[in-house]
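Results of the structural survey
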Amino acid sequence: FYTLGFDPKFIRGSIFDISLSTSFLKGMHYTKAYQQLLTKAGIGCDKNTHFPISQSEKERASLLLCSVENKPWVCLHMGGRRLQFEDKMWEMENFSVLAKKLVNDGMIPVLIGVESEQEMGDVLCENIHQTINLIGKTSMGEMAAVVGEANLLIGHDSGPFHIAVAVQTPVVVICGRPDAEPEYLKYDNDNVVVLTGSTPQKI
């Protein structure tokens, strides 16, 4: 066994058996950084990110989506622990306007997220009755299966965004932080669009 990791800039030497310095990471997306770390350790890897989804997770997702029928649908993720803590969330009113526009354009909004975000979903569903609320109803694998079947995901720069990239679903990311970190957001992927602003209200 040996340890792999990224050494802080303020130490001399290394605290890992095989490592790269965090100064090496500046402006680099974490997927690239970890690929280079694994390559240094002699572990082969490619540039693709994958999320393994089991057959049972796919079947559960199909059951949850049975009411969608043949209409196109879009996943919405309104949560995000870090953005909520920093008060950088896109406002609920904006998500309601977006959901209404999707419905008017013949699409169905499908809400995803964790159980602590349930209240936001309930509020939106009260206003937009065509919305399907799956917040708190899926495991992470089931959520990935749902996202993998979507035409698009729109949401904050949080976990579901990275899942969408991993299952190759087009995604629009709402980042209400002026210091948007490229190590989290800068995927070399044409179907990832990141919207940033000095405040969430500017997006």
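In this text, all values refer to a predicted model and were calculated from it rather than measured experimentally. (Residues numbered from 1 in each chain as written. Predicted model: local features only at pLDDT ≥ 70, side-chain atom pairs only at ≥ 80, totals over all residues. Heavy atoms only, no water.)

**Overview of the pattern of salt bridges**
Rules: Between Lys or Arg on one side and Asp or Glu on the other, a salt bridge is scored when a side-chain nitrogen of the former is within 4 Å of a carboxyl oxygen of the latter.
For the coordinates displayed, the defined rule picks out 3 salt bridges. Note that K101 is salt-bridged to D105, the shortest N-O span being 3.4 Å.

**Section: the nonpolar core**
Threshold: Buried Ala, Val, Leu, Ile, Met, Phe, Trp, Tyr and Cys residues form a nonpolar core when they are joined through side-chain atoms within 4.5 Å. For the exposure calls, accessible area comes from a 1.4 Å probe over protein chains only, and a residue counts as buried if that area is under 20% of its type's maximum, exposed if over 50%, partly exposed in between. A run of H or I in DSSP becomes a helix once it reaches four residues, and a run of E becomes a strand once it reaches two; helices and strands are each numbered from the N terminus.
Counting residues in hydrophobic clusters, the biggest one holds 29 residues, and the most contacted among them are W73, C75, V110, V146, V147, F161 and V171. If you list the elements that add at least two residues to this core, you get helix 2 (55-64), strand 3 (73-77), strand 4 (108-111), helix 6 (140-149), helix 7 (159-166) and strand 7 (171-175). In terms of residue count, helix 6 provides more of this core than any other element does, 5 residues in total. Core analysis: the second largest hydrophobic core is formed by 20 residues, W90, L102, L124 and V172 among them.

**Details of the confidence of the model for the protein chain**
Basically, it comes down to this: Here pLDDT means the predictor's own confidence in every residue, given as a number from 0 to 100.
For the protein chain, the mean per-residue pLDDT works out to 89, and 99% of the residues sit at or above 70. Here helix 8 (residues 182-185) stands out as the element of the protein chain with the lowest mean pLDDT, 75, in contrast to strand 4, whose mean of 97 is the highest.

**Focus on unusual backbone geometry**
One non-glycine residue, D87, adopts positive backbone phi at about 55°. For D87, the position within the fold is in the loop between helix 3 (81-85) and helix 4 (92-104). Backbone geometry at Q168 places phi at a positive 65°, although glycine is not the residue there. In this fold, Q168 is placed in the loop between helix 7 and strand 7. The exposure class assigned to Q168 is exposed, which follows from its relative accessible area of 59%.

**Description of the packing of aromatic side chains**
For any pair of aromatic rings, geometry is given as the distance between the ring centres together with the angle between the planes. Under the convention used in this document: Centres within 6.5 Å are what make two rings of Phe, Tyr or Trp a pair, Trp counting through its six-membered ring; a difference in plane orientation under 30 degrees is then read as stacked, over 60 as edge-to-face, and the rest as tilted.
For the structure shown, the criterion picks out 3 aromatic pairs. Taking 5.0 Å as the distance between ring centres and 90° as the angle between the ring planes, the aromatic pair formed by F6 and Y34 counts as edge-to-face. Remark: Y34 occurs in helix 1 (residues 30-40) and F6 occurs in strand 1 (residues 4-7); sequence separation between them is 28 residues. For F6, a relative accessible area of 13% puts it in the buried group. The class of Y34 is partly exposed, set by a relative accessible area of 44%. When the centroid spacing of 5.6 Å and the interplanar angle of 85° are considered together, the rings of F161 and Y187 count as edge-to-face. Taken together, the positions of F161 in helix 7 and Y187 in the loop between helix 8 and strand 8 (192-196) put the pair 26 residues apart, joining distant regions of the chain.

**A look at helix 6**
Condition: We call two residues in contact when some of their heavy atoms are within 4.5 Å.
Most of helix 6 is tucked away: 7 of the 10 residues are buried. Of the positions making up helix 6, those classed as buried are G141, E142, M143, A144, A145, V146 and V147. Tucked inside the fold, the buried residues of helix 6 contact helix 2, strand 3, strand 4, strand 6 (152-156) and helix 7.

**Some points on the side chain of T169**
Here T169 is to be found in the loop between helix 7 and strand 7. Using a relative accessible area of 2% as the deciding quantity, one classes T169 as buried. Once residues within four sequence positions are removed from consideration, T169 is found in contact with V147, G148, A150, N151, L152, L153, A164 and N191.

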